[in-house]
Amino acid sequence: MTLAFTANLFEWYEFSLTAFMALEIGRRFFPATSEEAALTLSFMVFASSYLARPVGSIFFGYFGDRRGTGPALKLSMLGMAIPAALIAALPTYETAGYVATGLLLGLKIIQGFCAGGELPLTGYFVSLNTSQGNRGVHCAIAVASGFFGMLLASGIITILPYAVAALSRYNSVIPDRYIPNAWRWPFLSCIPLAMFIYKIRASICNAPVRAKKIDSGNRTAWPLIQACAVVAFMEIVIYSLFVWMPSYLHVYLGVSSADASATNSIALFTFAVSMIGAGYLSRYVDPSILVVTGMSLVSVSALPLFMVLQKTSFVAIMTVQVTFAILASCIVGVIFVVLPDLFKDNWGSLGMVTTYSISTAIFGGTAPLVCAYLIETTRLLTAPALYLLFAGMLATPVAYQLMRQRLRVLDPSDGSMLSVCR
């Protein structure tokens, strides 16, 4: 349970800081001429860090097989924490020009490489080392941990202006030159959080993953295609609706930063809790049914919900984001029950980490850029909803075939059609 809860906490905390502070980072590290340009350039750096994830996943997957899951997870943690702390000490474009930009890009690529060893490896480990009755819940907690990290990051960004205002009252006691710029504070907070999680990992995770002996003759391309389709849609949903959303609300719809952060925090909390609920529900309903249901509902409701967002009232925004959170939890909350079952008899952990990371790199890290490009090209503020609808139209039929495939293994003596993989 401890590993599950801390599985993805730090990774998403740090990466969410970069996303939620995208406008500020764009201003600090690029010669941007407008808020839209600063936002786009910042998310280009964000996306580039994801290109190293597939390579990192393969490296940490093999490292974990040879040296153990514990050492692999501790090494990946250090590889993310050290660059995060160094970002807090970087010069800005104003003082160092493109050297500052290059240093930021280099640190983000290192983080992306090391992040490749986090969620796929821990999710696979938790899924195959948990009793069947608790499997859905523990896997849901492993994924939800990342969104608690996002929630922590969102909360810190929300209270940051108030902390700055409070500290400014004591300028006569603590001169400004001894206080780091406010944008650096959240990255400095990565240090104690990383030390806490590293200490937890130092005392657990030394057992090998229990996995069946794999028959290489079972290795076909179809499981890889299924996993890529499901994960691609899931990542587009996560990065469009939760990572990029505060920037979209503020820059494109004119919502205040405080309201955008507050509604996103509420949505993230709802998302994390709903994922755990989906994990409990998977005891009674096959998780593949939940995935297909979530995909279908997110796809068909995306455009109507984005139209409601245009009203820009706090209640309307909060209602839309909470609705998206509940629907998306049906996919994300059970993903690590579905995917390991898809690979355990053929590709094993290699199939798991590569398909997950490649899909995340191509579709997750680039989702904010695609959404911004579509808005710029079509001049439609609802264009991201069309991207979600198009992705859902491609992914849902594949997920439906995966559901039918899983349901075929149902024990004929079991009268329930919802009791697969007991």
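Use the structure listed above.
Residues numbered from 1 in each chain as written. Predicted model: local features only at pLDDT ≥ 70, side-chain atom pairs only at ≥ 80, totals over all residues. Heavy atoms only, no water.

A.B. asks: Help me understand a nonpolar patch on the surface, please; the structure alone is not making it clear to me.
C.D. replies: Taken together, the side chains of L303, M307, L380, L386, L389 and M393 define a hydrophobic patch exposed on the protein surface, amounting to about 530 Å² of accessible area. No other element matches helix α21 (residues 383-407), which puts 3 residues into the nonpolar patch. Within the secondary structure, M393 is located in helix α21. (Patch = residues over 30% accessible without salt bridge, like charges linked within 9 Å, V, L, I, M, F, W, Y side chains within 5 Å. Areas by Shrake-Rupley, 256 points an atom, 1.4 Å probe, with all protein chains shown as cover. Salt bridge = Lys/Arg side-chain N within 4 Å of Asp/Glu carboxyl O. Helix = DSSP H or I, 4+ residues; strand = E, 2+ residues; numbered from the N terminus.)

A.B. asks: I tried to follow helix α18 (residues 335-343) on my own but got confused; where do I start?
C.D. replies: Residues separated by three or four positions in an α-helix point in the same direction, a consequence of the helix having 3.6 residues per turn. Counted residue by residue, α18 has 9 buried out of 9 residues, so it is predominantly covered. Residues of α18 that are buried: I335, F336, V337, V338, L339, P340, D341, L342 and F343. (Buried < 20%, exposed > 50% of the residue type's maximum accessible area, 1.4 Å probe, protein only.)

A.B. asks: Would you take a moment to explain the side chain of T360 for this structure?
C.D. replies: You can see T360 is positioned in helix α19 (residues 348-364). A relative accessible area of 2% means that T360 is categorised as buried. Within the structure, T360 has its side chain in polar contact with the backbone oxygen of Y356 (distance 2.7 Å). Filtering out sequence-adjacent residues up to four positions away, T360 remains in contact with Y50, R53, V231, E235, Y239 and G365. (Polar contact = N/O pair within 3.5 Å; in protein donor to acceptor, adjacent residues only side chain to side chain. Contact = heavy atoms within 4.5 Å.)

A.B. asks: Help me out: how do you make sense of helix α2 (residues 9-20) in this one?
C.D. replies: For α2, built from 12 residues, the straight-helix expectation of 16 Å at 1.5 Å per residue is met to within 8% by its first-to-last C-alpha distance of 16 Å. Counting buried positions along α2 gives 12 out of 12 residues, so the element sits mostly inside the fold. Burial in α2 covers these residues: L9, F10, E11, W12, Y13, E14, F15, S16, L17, T18, A19 and F20. (Expected span 1.5 Å × (residues − 1).)

A.B. asks: Any chance you could explain the nonpolar core here in plain terms?
C.D. replies: Counting 119 residues, the largest nonpolar core has F10, F147 and Y248 as the members making the most contacts within it. Ranked by residues supplied to this core, first place goes to helix α13 (residues 222-243) with 12 residues. Once residues lying within four places of it in the same chain are set aside, the contact partners of F10 are M77, M80, A81, A84, C190, L193, A194 and I197. (Core = buried A, V, L, I, M, F, W, Y, C linked by side-chain atoms within 4.5 Å.)

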